[in-house]
Amino acid sequence: MIPGHKCMKITFLIPVHNERESLGSLVEAISEYAAPYEHRILFVDDGSNDGSYEAMKDLRERFPTVDIIKFRVNLGKSAALAAGFPRARGDLVFTMDGDLQDDPKEIPRFIDKLNEGYDVVCGWKQARRDPWHKTFPSRVYNWFIRRLFKLDLHDINCGFKLFRMEVVERIQVYGDMHRLIPVFAAHLGYRISEIPVEHHPRRYGRSKYGPERFSRGVIDVLTTLFLSNHRDSPGHFFGRWAFAFAALGLLAMLGAVFSWSGAASGLATIALWTLGIGLFLAAGGGIALALVAESIVSLRPPLDPALYIEEEHLG
């Protein structure tokens, strides 16, 4: 239970890239459904060029709850959240998209679910109003997430989420890892749940989804799986792979010896020797270097998105 339920403070953190037409209706709806709570609406303008920033400034004049961070260039949702989380205030942080597909009327339901004893509540777009080329890859992605991480969530891609403040204070967001925040939270022992939410078709603007997003998501999953299981003991992971490659290399070389001493052709002997040497040299080399690099990136301080902030208007 959140102490002082009706007295708690909420920050709505909303990354925006070219969503000018949606912003006014979004602020009005948030203000209506979050009225019982002290709240701020923190927009992060992620390099918009359609007048979104000017619309935000106009809304700030009308609604004293509106705060703004403006990036000089487009950095992506993870960078927007990484810049917004340290500037969020209060007890809870809502993240949501700025395109009106997330319905603010769900706000009380998120809070009620959190009050059941959870630390993170994720939205589940059970009836998703998007074209098939967005919904099908998302379902495949979510299916893998559930099985890889044993996390009972149907829609980890949904940007509509509610966090206790301590969760966002303890999680580092970098690269494109924003969609996997619940995985990291669960790994730290926080309690995760979800609720079905109403999802609306896009009314304005264009979707930011592209084929490259799915490929980035797969890489993020592999990185998260590695970091979740081997971040503190990567030698165990690489040792098993190195042993397997070395064993296969030894078998190939033994085959080359028997081939050379038997009736097999010289070409087969050369091929087996080459394979054996290659396996010894490979012994996890390429995969190890890639994953070690990911581990180092995750441990070093990431590039601070604050370097790209052109203006801030915070209450």
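Our subject is the structure that appears above.
Residues numbered from 1 in each chain as written. Predicted model: local features only at pLDDT ≥ 70, side-chain atom pairs only at ≥ 80, totals over all residues. Heavy atoms only, no water.

## A look at the pattern of salt bridges
Stage number 1. Applying the stated rule across the entire model yields 13 salt bridges.
Stage number 2. Put simply, glutamate 310 and lysine 70 hold a salt bridge, and the shortest N to O gap is 2.9 Å. You can see glutamate 310 sitting in strand 8 (residues 309-313) and its partner lysine 70 sitting in strand 3 (residues 66-71), a full 240 residues away along the chain.
Stage number 3. Residue class for lysine 70 comes out buried when judged on its relative accessible area of 14%.
Stage number 4. Where aspartate 119 meets arginine 191, a salt bridge forms, and the shortest distance between an N and an O atom there is 3.4 Å. Placement of aspartate 119 in the loop between helix 4 (107-114) and strand 5 (120-124) and of arginine 191 in the loop between helix 7 (181-187) and strand 7 (192-196) is noted, with a sequence separation of 72 residues between them.
Stage number 5. Taking the relative accessible area as the measure of exposure, arginine 191 reaches 46% and is therefore partly exposed. (Salt bridge = Lys/Arg side-chain N within 4 Å of Asp/Glu carboxyl O. Helix = DSSP H or I, 4+ residues; strand = E, 2+ residues; numbered from the N terminus. Buried < 20%, exposed > 50% of the residue type's maximum accessible area, 1.4 Å probe, protein only.)

## Thoughts on helix 1 (residues 20-33)
Stage number 1. Every buried residue belonging to helix 1 is among Ser22, Leu23, Gly24, Leu26, Val27, Ala29, Ile30 and Ser31, and all of these are buried.
Stage number 2. On the buried face of helix 1, the contacting elements are strand 1 (9-16), strand 2 (38-45), helix 2 (52-62), strand 3 and helix 4. (Contact = heavy atoms within 4.5 Å.)

## So, the packing of helix 1 against helix 2
Angle between the axes and distance between the axes: these two values describe a pair of packed helices.
Stage number 1. For the pair helix 1 and helix 2, the least separation of the axes is 8 Å and the interaxial angle reads 25°. Judged by the inter-axis angle, helix 1 sits roughly parallel to helix 2. Seen along the crossing, helix 1 lies across helix 2 with a hand that is right-handed. Contacts between helix 1 and helix 2 involve Arg20, Leu23, Gly24, Val27 and Glu28 from the former and Ser52, Ala55, Met56, Leu59 and Arg62 from the latter.
Stage number 2. Its residues placed into classes, the contact of helix 1 with helix 2 shows 5 nonpolar, 2 polar and 3 charged. (Axes fitted to C-alpha atoms, helices over the stretch in contact; angles between N-to-C directions. Parallel < 35°, antiparallel > 145°, perpendicular 65-115°, else oblique. Left-handed = near helix turned anticlockwise from the far one by under 90°. Nonpolar A, V, L, I, M, F, W, Y, C, P; charged D, E, K, R; others polar.)

## Some thoughts on the pairing of strand 1
Stage number 1. Taking burial as the measure, the 8 residues of strand 1 include 7 buried ones, the bulk of the element.
Stage number 2. In the sheet, strand 1 pairs with strand 2 via 8 bridges, with the strands oriented parallel. Residue pairing across strands places phenylalanine 12 opposite isoleucine 41, the latter belonging to strand 2.
Stage number 3. Read from strand 1 through helix 1 to strand 2, the crossover connection turns out right-handed.
Stage number 4. Relative to strand 4 (residues 92-95), strand 1 runs parallel, the two sharing 4 bridges. Counterpart to threonine 11 in the pairing with strand 4 is valine 93. (Pairing = 2+ DSSP bridges. Right-handed = clockwise from strand over helix to strand, strands pointing away.)

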